[in-house]
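Remarks on the overall topology
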Amino acid sequence: MSAEARCADHVPQPKPQNASRDIVGADLDSIQERGWIEFAAYEDFPPWSWEEGGKLRGVDIEIGRLIAEDLGVEARFNLVAAGENLEADLRNWLWKGPVVGGRVANVMLHVPYDSKFACRVEQVVFTGQYHVERVGIAYREDAYPEDKPVPAYFRFDTVAVENDSIADFYLAAFPGGQLARNMRRYPSMAAAMAGLASGETKAAMGPLAQLQHGQNDGIGVHTPPLPGFGLGQWTVGVGVHFAYRPLGYAVDDAVFAAIQDGRMARIFADYGVSFSPPKLR
């Protein structure tokens, strides 16, 4: 299906007009002339992006550095808090700017890609797709010595989830609310994995990369079939302001080259995360 057909029933959104360069970002030539590029990345989001001992760490941080190196510039990062939804994050950090404080970045990392959503948010170019994330289940191996747990097991066994996450919504909607009494909600996936490790629950459900990052001895992780789960996997890439398509092309080329030559896989391996590349061009 063509992009035109897919977006045929969409009403165009207003685009920012007469905005200064510090509001809408910078074009590729200006970035290379000044010698640095700024990335927006989510704060407190291991294994993707976080600060530890005054240093930035994470898969997304290394991907930003990789992109900057390919463009021949320095990578700078702005760790931002997640907003109420992705649309708000893109508005705040890519094309308009937050109401109070802060500024837009040239590139936003870890942007989930969905073709219908891309039709709605015309101010952003979605590109540089670098990973396919999946929902998985982590479990205590001593609690499941033979069969690995699937959602139906949580009618009897406790399971940790991040509050208001897709795993939370999926399990809460399990037919008849059968799992609700055994769900334990935590403020973050890292906290959920800590709860699992300490024996507060027998299992935890969430994005595979976050499960693997919190995995330690005695904890297994798998990705079972999830019946009726339409969001069981999604592609992650970057976002760039719509006015700077040459920058988007350059970023996409850098990501594509890193996937092909193995640099991307090495970044994921360094953080103990399974790399699942999207379909290449």
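The paragraphs below set out a description of the structure included in this document. Keep in mind it's a predicted model, so treat the numbers as computed, not measured.

A word on the pairing of strand β11 (residues 233-241). With eight of nine residues buried, β11 lies mostly within the body of the structure. One ladder, built from five bridges, connects strand β5 (residues 107-113) with β11; its direction is antiparallel. Bridge pairing in β11 links V111 to G237.

Attention shifts here to helix α11 (residues 263-270). Among the residues of α11, those classed as buried are M264, I267 and F268. For α11, the arc enclosing every buried residue in end-on projection is 95 degrees, short of the 170-degree limit, so these residues lie on one face. Residues of α11 that are exposed and point more than 90 degrees away from the buried face comprise A269 and D270. Elements that come into contact with the buried residues of α11 comprise α4 (59-71), β6 (124-140) and α10 (245-261). Where α11 ends, the next residue or the one after it, G272, has phi of about 70 degrees, a positive value.

Within the structure shown, the criterion is met by nine salt bridges. Here R76 ties to E74 by a salt bridge, and the two come within 3.5 Å at their closest N and O atoms. Take R76: its relative accessible area is 35%, and that puts it in the partly exposed class. Overall, the relative accessible area of 42% leaves E74 in the partly exposed class. One salt bridge in this structure joins R140 and D142, with 3.4 Å as the shortest N-O distance. Here the salt bridges share partners, and the residues they tie into one network are D70, D261 and R263.

Cut-offs applied
Residues numbered from 1 in each chain as written. Predicted model: local features only at pLDDT ≥ 70, side-chain atom pairs only at ≥ 80, totals over all residues. Heavy atoms only, no water. Buried < 20%, exposed > 50% of the residue type's maximum accessible area, 1.4 Å probe, protein only. Helix = DSSP H or I, 4+ residues; strand = E, 2+ residues; numbered from the N terminus. Pairing = 2+ DSSP bridges. Arc of directions from axis to C-beta. Contact = heavy atoms within 4.5 Å. Salt bridge = Lys/Arg side-chain N within 4 Å of Asp/Glu carboxyl O.

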